[in-house]
Amino acid sequence: MRHLIALALFALSPQLALAQRDAKIPDPDPELERKTFTVAPGFEVTLWAADPLLAKPIQMNWDPQGRLWIASSEHYPQIKPGEKANDKIIVLEDTNGDGKADKTTVFADGLLIPTGLEPGDGGVYVANSTELVHLSASKPGGKADKKRVLLSGFGTEDTHHIIHTFRWGPDCRLYFNQSIYIHSHVETPSGVKRLNAGGIWKFNPDKTELDIFARGWVNAWGHAFDKYGQSLVTDGAGGEGINHAIPGGYYLTSQGPHAQRILHGMNPGSPKYCGLEVVSGRHFPDDWQGDVITNDFRGHRVCRFKLQDDGSTFAAREMTEVIKSNHPAFRPIDVKMGPDGALYIADWYNPIIQHGEVDFRDERRDKTHGRIWRVTAKNRDLVKPPKLVGATVPELLEQLKAPEQWTRQQAKRVLKEMDFLEVWPAVRNAISSTKGPLDEVYALELLWLGRALDDANPKGSSSTLSNLRSAVRAVPNQSANFRAATLRVHCDSGAVRDPKIGPGVHAVAARDENPRVRLEAVRALAQARSASAVESALGILDKPMDRVLDYALWLTVRELEPYWMPEFQKGKLTFGGDAKKLAFALNAVGNKDTVKPVLALIDGGKVPKENVHGLYLLLARIGGPEELSRVIGHSVRATASERNELLLAVEDAIRTRKVPAPKTPAALENVIVLDDAGRRPAMRAAGLWKATALSAKLHEIALKTTSSEDRRAALDGLFAMGTADETLNALLQPKATADQRRDALVALAGVNPPRAATLTAAFLADAQSDEALADLFTAFAIRKGGASLLAKELAGKKVPADVAKIGVKAARASGQPADDLIAALTKAGDLGAARKPPTDAEVKALAADAMKTGSAARGELVYRRKELQCLACHAIAGAGGAVGPDMSSIGASAQPDYLVDSLLLPSKAIKEGYNAIRVVTADEKVYQGVKVREADGKLTIRTAEDKELTFVTKDLIERGDSTKSLMPEGITDQLTKQEFADLVKFLSELGKVDGPYAPNKARLVRRYQAIDASPANLNLFRRTRVSAAAEADNPFAWLSAYSKVSGDLPLSELPKFTVWNDTAAQSVVRFQLDVTTAGAAKLKFNAVAGLTVYVGNQPIEPKAETVLDLKAGVQTVTVLIDRSKRADDLRVELDDVPNSPARVSVLNGK
Amino acid sequence: MLLSALALLVAADPAPKFELKDGDRVVWLGGTLVEREQRYGHWEAALLAAHADKKITFRNLGWSGDTVHGEARGRFDFNNAEKCFKQIVDQTVELKPTVIFVSYGTNESFEGKEGLPKFEKGLEKLLDALKPTNARVVLLSPVRFEKSASLPDPKPANARLALYRDAIKAVAAKRGHAFADAFEHVTPKDDTENGMHLTERGYEATAAQWLAALGVAPPTAPTGKLDALRKAVVAKNEQFFNKWRPQNETYLFGFRKHEQGRNAKEIAEFDPFIAKAEDEIAKLLKELK
């Protein structure tokens, strides 16, 4: 007999729970904390400063004197009524140079949760709630007594999202971030700047110029510039690792006019990272230069990534950690190189990090501790901290050649803050007295300095820069990174419109041999405000493209639309008669103005073959009735997958844009008779267009087909036509199959819920248990009032217990109020008493029990169970569904009681970015999902089934936030007490360093697809051969299969089949590699016995280390497994081949 | 014809004089200019001191970047014009004002002449929506911009602002509201951070000008006493700000209130602190009399 949790709850005493809670507060001795650190070989970590010198550091930044400024908050996350705001800006100093801070000064107090700071201009810039302020002291060395409010209007909807991550850019502009919940409206002399989500601001305090540098991210607390000024970004609540931020780009969760397409980070499936720094300088070994350091603050790790060029962007590869620890309060949140060339880590020191999810007043929140750790290389000299303040201008200019980025940047700041008339002649003198051409790094620093000094030049803007231009031009053998950087400086703030600069940039776009330079040119041209700029930008299509270039060009074309579209329509802009360029431009803009030119392009017949499908797809998105008719006609000749895509677009056009039927009936029948997926949208389109001439055909399909999807599409079409009665009656006959009856009822519930409810209650009485029945319950649950109708009909009736369970699960998963239906099903199925929500004490007790008796290994098996559906929604290391947060490091960040809470009461606390919204459509159907994007009046949500649904916002009759999690309640109800404890234990171990589920840097294949042993697949094998699975457009149905956290794919869980009676059992799996730069890479197999491997449709010989020569693009690797020859689980790892240019990653996901 | 003649007749009426009465509750709407005033308190303190014999309370609802449409107040509903507008109206009505200062036009003025019809329509819509309060409405013009490093040539901006000032004045005349011409009276001289936003000193230096715009005689009390009053005003404003625009609103009242909504009860705990601060102001005003 199973002991259900509900019964076991009362056996545990609340005292035990309290003991557990206390046990979570560690001994705060810094030395004990340090002893938990595993440090990268060749390095050591020492304590530089600790409480009481500082408490709760949120951000740190150095000043040119080598003092470390710290924003510190004890009020976080929320001030108490009656409390006087008293958060502080602290300055730490190592006055005697012994490698430890010995002096602390409170520079400012009375602040409310200062989340960012950057010293400069005689004081410090501080994020102070709704404002960005500059604080300074009238007495040197004194406390701040002057406050200037520079900007106001920043949102405060969430105190870990308010403006933060301050950083001087190489151009001496102040960059700072805000996060997803923040809505900012900032007045400047050039108008109000609004940003209603996350993004990076760029601010020039001298002129109150405020711009959005890049948009998006959930909570990006890391932004660093590499040696050449390229921006790298990490996200403290998103899982894409290191991001390369391009000017004006949109990233995860963006808001704004072009939010329908975004760029992604380089490491999908990563844990969340906070802080970011680029390693630079003589103290660190050569092979560390240019690497980036960030913090897995949940997993107690300081992480290192190696950056490599990858076309116009970078690839980032994780290396051995700088520090890893299992100390529950070690929270590395900021990282900066220091004046001595060492690496400094700010440790927020707190066992509690969740913000919304854990009570603001939870007593475990630490308010008093904080540490700064210092990482040094053993047996390597430190750098002598440079003397910058008080140095002469020539001395400072000399420091612009330093190998340390810290020194160059700080020297530049000092020069920027000096008198222009003192600095500028010295700069000119330094250039003219340099023998030979300037060094590249020096020239670039001078150029950045020139840009910063421009504002102070009494001769007016730009004259400083133009003086530097010739010196920069004379630098020989300019690297691509240098060319890209100088281009950005020259074009900054609309300077690309300067007739002296613009024409050169136009030419670069098409001509430069390096993709990163072309990328800069394309983005610079977006500010050119001219029609010719779009022609120049499109010039990059003549050279090889990559994903980021394609995005950059798309964005530039769209941003320039107001300038080129009118010219194009007047016939003045021809794109040189190049159909490919015109096709790109029209596709990017994709509005109704482009219908005619798109038709002309198609009719002209000059479009390259690979662009034709895209144009038809565009036509479906923007065209009227006749254009849709053409798309349908074309689709008959297209491949099956293209046809499906085109018909889905046609259906969407009819549904969302209300495109009426063409005068001459479209060739829908020709699509419908083809037996593939495209017939389904075609049948629904026929219905929406009331093409009653096709109703006989749809009737025939509905009755004859064995495919439920076909049947439902046919029914949907018939219902829309109003001619479904006959079909429905036929399908509801007692002699009809259960599938037919079920589908008929699903369709009926959509149009006539009362009748459907009566018939459904009768149907369920003797229904066989089948997971597909969930759709029938869902059909009622998503109708307003539908659940209640069915509940009433079920009163007094009996339903098989397993069927009732499916119904309860579906009703809960719908996220709609369905208590009466759940109660009715519980009764009809005799399921026993409904569960009660657990009390706090019960939650604590369960958590304590899990820690004591749970087994993580058994728990992983529970997590992988199909009926629990964990993996369908929650990925681990990027493999799995995207409905809920990735679980990779949940154990390192969440307390066990929070895990228990989340399993039993999913709606109690929901991670940001995963809150569901609820919409009601005009036909009174209710949908719930997480917002994916909203642009152009369309809203896209991701449902609990991981499906994306798009709605026209103005057609919605209701829209609001759902307080329900997408995670259904009661998922764990059927687990035994031990299974539940095992599951909690497993989750609590995820991401803990040195444990069996520690984060793993190896690029393991974690998401496979397997061929199911279904009769349809078996028939296909008999008609063809097993190796047909490796063909690109193969007809098999594939199911996702995920490796364990270790990377092993358990063979025992794989579907296996015997094609012919006397042959060996087989399994077939495949995975994808994303190749962004072509070249050699290798796959490491744990064992090759029984494996036959194909890359694309080419067989290759599997070895323990198999070197592949990969072409750019997504490559599929198919593995046939002879089960008679193999007992080992399958483990595949991707690795580099030394000196290969290839950039490859494993595609994970759902 | 008849209608427009009637409109002219109304417009010809002299604008009503601005006056504060005992017991008045003034709610002040606007953008950064209004929002920052609460941190410095010079204008509010001057107006209180000029009416030291009356009990008057101020509630500053300034919000940076705001317009007559409530654009800055929408938060998660920023894309929904109706909900933005509802915010500005609800926030005002909830405070039961007897007088409403309406300071808009600066942010809208960047739209230039083309934006005028939208602004006028929006302003009238706002005034219509505020009618149920029965409050006396005072329309304030924008304050002019001055030359600064951030704004080397303020002329084009001031020309636009003048257009919006005229529009506000016309709406005030048409509807019979008092109009305070701050554009004419308040002239910052080296008193702004960036050409458009007054510094603390700027508020202090222009307090008398601002009263003149309202047609109020400046207070006669000595500066030292006024400063104590001003500090009390700032302290009250801080408590009120923490109440009506608390941090973490997402969790306290927004779509994640099911998580931290239990802490929303703390917000009501600000009320006694606000009341105490009001008592302090009243005490200081008594000493001024």
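Participant: How would you explain the overall build of chain A if you had to name every residue and give the values?
Facilitator: Summing up its helical and strand segments, chain A has 37 helices and 43 strands in all. Relative to the 2.2 N^0.38 estimate, which gives 32 Å for 1150 residues, the radius of gyration of chain A is 32 Å and therefore close to what a compact globule would have. Counting only residues that meet the buried cut, chain A has 53% of its 1150 residues in that class. Restricting the contact set of chain A to residue pairs at least 6 apart, pairs at least 24 apart contribute 67%.

Participant: Tell me about the interface of chain B and chain A, and name the residues and values.
Facilitator: Counting residues at the interface gives 37 residues for chain B, matched by 41 residues for chain A. Broken down by secondary-structure element, the contributors of at least two residues to the side of chain B that touches chain A are helix H2 (32–40), helix H10 (249–252), helix H11 (257–260) and helix H13 (270–288) of chain B. Looking at the side of chain B that touches chain A, its residues break down into ten nonpolar, 16 polar and eleven charged.

Participant: Requested: an account of the environment of His185 of chain A, with residues and values cited.
Facilitator: Along the chain, the position of His185 of chain A falls in strand E13 (residues 184–188). We classify His185 of chain A as buried; it has 26 C-beta atoms within 10 Å. Considered as a pair, His185 of chain A and Gly155 of chain A are 30 residues apart in the sequence and their alpha carbons are 7.9 Å apart. Leave out the neighbours within four places in its chain, and His185 of chain A touches Gly153, Val192 and Arg194 of chain A together with Ser64, Gly65, Asp66, Glu71 and Ala72 of chain B.

Participant: Which residues make up unusual backbone geometry, and what values do they have?
Facilitator: All names here are of chain A. Here the residue pair Asp51 and Pro52 is connected by a cis peptide bond, since its omega of 10° sits within 30 degrees of zero. Take Pro52: it is sitting in the loop between strand E2 (43–50) and strand E3 (57–62). Cis geometry is found at the peptide bond from Tyr76 to Pro77, where omega equals 5°. The topology assignment puts Pro77 in the loop between strand E4 (68–72) and strand E5 (87–93). The phi dihedral of Asp121 falls on the positive side, at around 50°, and the residue is not glycine. Structurally, Asp121 can be placed in the loop between strand E7 (114–120) and strand E8 (123–128). The class for Asp121 is partly exposed, based on 16 C-beta atoms found within 10 Å.

Participant: Outline the domain arrangement of chain A, listing residues and values.
Facilitator: Taken as a whole, chain A is organised into domain 1 (36–377), domain 2 (386–451), domain 3 (590–705) and domain 4 (1003–1147). Between the C-alpha centres of domain 3 of chain A and domain 4 of chain A there is a distance of 35 Å.

Participant: Quick rundown of the domain arrangement of chain B? Include the residues and the values.
Facilitator: All names here are of chain B. For chain B, the domain assignment lists domain 1 (22–220) and domain 2 (223–289). Between domain 1 and domain 2, the C-alpha centre-to-centre distance is 21 Å. Taken together, the elements giving at least two residues each to the side of domain 1 that touches domain 2 come down to H2, helix H3 (42–50) and strand E2 (57–62). It is H3 that provides the largest number of residues to the side of domain 1 that touches domain 2, a total of five residues. For the side of domain 1 that touches domain 2, a count of residues per class yields seven nonpolar, five polar and five charged.

Participant: Any chance you could break down the nonpolar core for me, citing the residues and the numbers?
Facilitator: One finds Ile89, Leu525 and Val650 of chain A to be the most contacted residues of the largest nonpolar core, which totals 336 residues. It is helix H7 (residues 440–453) of chain A that provides the largest number of residues to this core, a total of eight residues. In this view, Val650 of chain A contacts Ala620, Leu628, Val631, Ile632, Pro681 and Ala685 of chain A; residues no more than four positions away in its chain are not counted. In this structure, Val34, Ala45, Tyr104 and Leu285 of chain B belong to the second largest nonpolar core, which totals 66 residues.

Participant: I'd like a description of the sheet that holds strand E40 (residues 1105–1110) of chain A, backed by residues and values.
Facilitator: Residue and element names in this part refer to chain A. In space, the four strands of this open sheet follow the order E33-E42-E37-E40, with antiparallel pairing throughout. The open sheet has two free edges, formed respectively by strand E33 (1003–1004) and E40, since each of these has just one partner strand. Examined bridge by bridge, strand E37 (residues 1079–1085) and E40 share six bridges and lie antiparallel to one another. Along E40, the bridge assignment pairs Leu1083 with Thr1106.

What counts and how
Residues numbered from 1 in each chain as written. Chains lettered and ligands numbered in written order. Predicted model: local features only at pLDDT ≥ 70, side-chain atom pairs only at ≥ 80, totals over all residues. Helix = DSSP H or I, 4+ residues; strand = E, 2+ residues; numbered from the N terminus. Rg over C-alpha atoms; globule rule 2.2 N^0.38 Å. Buried ≥ 20, exposed ≤ 12 C-beta atoms within 10 Å, placed from the backbone. Contact = placed C-beta atoms within 7 Å. Nonpolar A, V, L, I, M, F, W, Y, C, P; charged D, E, K, R; others polar. Domains from an automatic or database assignment. Core = buried A, V, L, I, M, F, W, Y, C linked by C-beta atoms within 7 Å. Pairing = 2+ DSSP bridges.

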